[in-house]
Structures are given as structure tokens and as C-alpha cells.
Amino acid sequence: MKAKIHVTLKAGVLDPQGQAIQGTLDHMGFKGVGLVKVGKYIELELAETNRDAAQKAVEQMCEKLLANTVVEKYKIELE
């Protein structure tokens, strides 16, 4: 089973990297680009075949290591 995890900043958390990208795009002539948010994308190959067990295990991985849940949120997709 494969887990795809998208980690992004929670609403209201400043994203200086996103702001820098937006400003640079504007200076490069790419007008009309609004808010830019930078996040992480993680793929995990799992030996687990039970979908519920895999979901629970990946949630624990996110809570303990993959996401800083104080300022980040995450979304898990299982295939």
C-alpha cells in the first residue's frame, strides 16, 4: 500500500518562503499570482495491507514526526 501525505501550514500561520516566491514571481513579470503557500509532499510504501491499520499508522507517523502539528496540518491518501 502507498500513502501520499500533503503537509501544509495551518490558516493564519505566516509563510515567509511562500511570500518570497510570490514576490519573486511578481518581479519576474508573472502578474496576478496571489497567495503562495509552500508545503511538503511525502510518499511512503507500506507493508500493511489493512486500510484502517495503515491509516492509523500513518496518522501516528504524521503526529510524531512528519508534521509539526502546532503549525501544520496534513492530509493522507492511501492507494
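Everything here concerns the structure above.
Residues numbered from 1 in each chain as written. Predicted model: local features only at pLDDT ≥ 70, side-chain atom pairs only at ≥ 80, totals over all residues. Heavy atoms only, no water.

Asker: So, the environment of Glu-45: which residues are in play, and what are the values?
Answerer: Within the secondary structure layout, Glu-45 lies in strand 2 (residues 40–45). Given a relative accessible area of 64%, Glu-45 falls into the exposed group. Expressed as a C-alpha distance, the spacing of Glu-45 and Val-70, which sit 25 residues apart in the sequence, is 26 Å. Dropping the residues within four chain positions of it, Glu-45 is found in contact with Met-1 and Lys-2. (Helix = DSSP H or I, 4+ residues; strand = E, 2+ residues; numbered from the N terminus. Buried < 20%, exposed > 50% of the residue type's maximum accessible area, 1.4 Å probe, protein only. Contact = heavy atoms within 4.5 Å.)

Asker: Break down helix 1 (residues 16–27) for me, citing the residues and quoting the values.
Answerer: Compared with the 16 Å implied by 1.5 Å per residue over 12 residues, the 16 Å span of helix 1 between its first and last C-alpha is a close match. A positive backbone phi angle near 100° is found at Gly-29, which sits one or two residues after helix 1. (Expected span 1.5 Å × (residues − 1).)

Asker: Got a sec to walk through the pattern of salt bridges? Specific residues and values, please.
Answerer: Following the criterion strictly, the structure yields 5 salt bridges and no others. Note that Lys-2 and Glu-43 form a salt bridge whose closest N and O atoms lie 3.5 Å from each other. You can see Lys-2 sitting in strand 1 (residues 2–9) and its partner Glu-43 sitting in strand 2, a full 41 residues away along the chain. Residue classification places Lys-2 among the partly exposed positions, given a relative accessible area of 23%. A salt bridge links Lys-4 to Glu-79; the nearest nitrogen and oxygen atoms lie 2.9 Å apart. (Salt bridge = Lys/Arg side-chain N within 4 Å of Asp/Glu carboxyl O.)

Asker: Summarise the sheet that holds strand 2; cite the residues concerned and give the values.
Answerer: If you walk across this open sheet you meet the 3 strands as 2-1-3, and the pairing is antiparallel. Looking at which strands have only one partner, the edges of the open sheet turn out to be strand 2 and strand 3 (72–78). The mean inter-strand angle of the sheet, taken between neighbouring strand axes irrespective of direction, is 20°. With 7 bridges connecting them, strand 1 and strand 3 associate as antiparallel partners. Across the sheet, the residue bridging to His-6 is Lys-75, located in strand 3. Contacting strand 1, strand 2 and strand 3, helix 2 (residues 51–66) crosses the sheet at an angle of about 155° to strand 3. (Pairing = 2+ DSSP bridges. Axes fitted to C-alpha atoms, helices over the stretch in contact; angles between N-to-C directions.)

Asker: Run through the environment of Gly-18, naming residues and quoting values.
Answerer: Within the fold, Gly-18 resides in helix 1. Considered as a pair, Gly-18 and Lys-73 are 55 residues apart in the sequence and their alpha carbons are 16 Å apart. The contact partners of Gly-18, leaving out residues within four places of it in the chain, are Val-36 and Val-38.

Asker: Lay out the side chain of Glu-72 with the relevant residues and their values.
Answerer: Here Glu-72 lies in strand 3. Here the side chain of Glu-72 touches Asn-68 through a polar contact of 2.7 Å, landing on its backbone nitrogen. Residues contacting Glu-72, with those up to four places away along its chain left out, are Val-7, Thr-8, Leu-9, Lys-10, Lys-40 and Ala-67. (Polar contact = N/O pair within 3.5 Å; in protein donor to acceptor, adjacent residues only side chain to side chain.)

Limitation: the analysis is restricted to geometry and does not speak to function.
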